[in-house]
Amino acid sequence: QVQLVESGGGLVQTGGSLSLSCVASGDILSNDIMGWYRQAPGKQRELVAIIISGGRPNYADSVKGRFTISRDNAKNTVYLQMNSLKPEDTAVYYCNAQVVTIMRLTNNYWGQGTQVTVSS
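Residues numbered from 1 in each chain as written. Predicted model: local features only at pLDDT ≥ 70, side-chain atom pairs only at ≥ 80, totals over all residues. Heavy atoms only, no water.

Caption draft 1: Focus on the state of the cysteines. Counting across every chain of the model gives one disulfide. Paired by a disulfide, Cys22 and Cys95 hold their sulfur atoms 2.1 Å apart. A torsion of -80 degrees about the S-S bond marks the disulfide between Cys22 and Cys95 as left-handed. Here the residue Cys22 occupies a position in strand S3 (residues 18-26), and Cys95 occupies one in strand S9 (residues 91-101), the gap between them amounting to 73 residues. (Disulfide = S-S within 2.5 Å. Helix = DSSP H or I, 4+ residues; strand = E, 2+ residues; numbered from the N terminus.)

Caption draft 2: Inspection of the sheet that holds strand S7 (residues 67-72) at higher detail. The strand order across the open sheet formed by four strands is S1-S3-S8-S7, and the pairing between neighbours is antiparallel. Of all the strands in the sheet, just strand S1 (2-8) and S7 have a single pairing partner and so form its edges. Averaged over all adjacent pairs, the angle separating strand axes in this sheet is 15 degrees, with direction ignored. As paired strands, S3 and strand S8 (residues 77-82) are joined by six bridges and run antiparallel to one another. Counted as the bridge partner of Val23 is Thr77 from S8. (Pairing = 2+ DSSP bridges. Axes fitted to C-alpha atoms, helices over the stretch in contact; angles between N-to-C directions.)

Caption draft 3: Main features of the pairing of strand S4 (residues 28-39). When S4 meets S9, the two strands line up antiparallel, connected through nine bridges. Of the residues in S9, the one forming a bridge with Gln39 is Val92. With six bridges joining them, S4 and strand S5 (residues 46-52) adopt antiparallel strand pairing. Across the sheet, the residue bridging to Arg38 is Glu46, located in S5. Linking two consecutive strands that pair antiparallel, namely S4 and S5, is a turn of six residues; a positive phi of about 75 degrees is found at Gly42 within it.

So this is what it looks like as structure tokens:
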């Protein structure tokens, strides 16, 4: 069993900042790929940012220069610092991780989601 638990999020005004974090726990052998996705009402879930252990992060064009993804491998934690937030950033944000379990199975896991609301 692997669990992803997110924290952070909330309500902020346009131009404000929020920080999200996500901790992966359980039967983890390795956890190379972690990322953040979001889903706004009536829209499909979309990639926000992804980071591969030892690699460069990748961002959606809509958040480049405003969001920063980082990770702490020792803690199996991924972070998302969101600055200069816009109303269009309003969505439920989901943590995602591709995990190799101790049974040497590779599975994709999702967190429960955390609401980010940016007021205009």
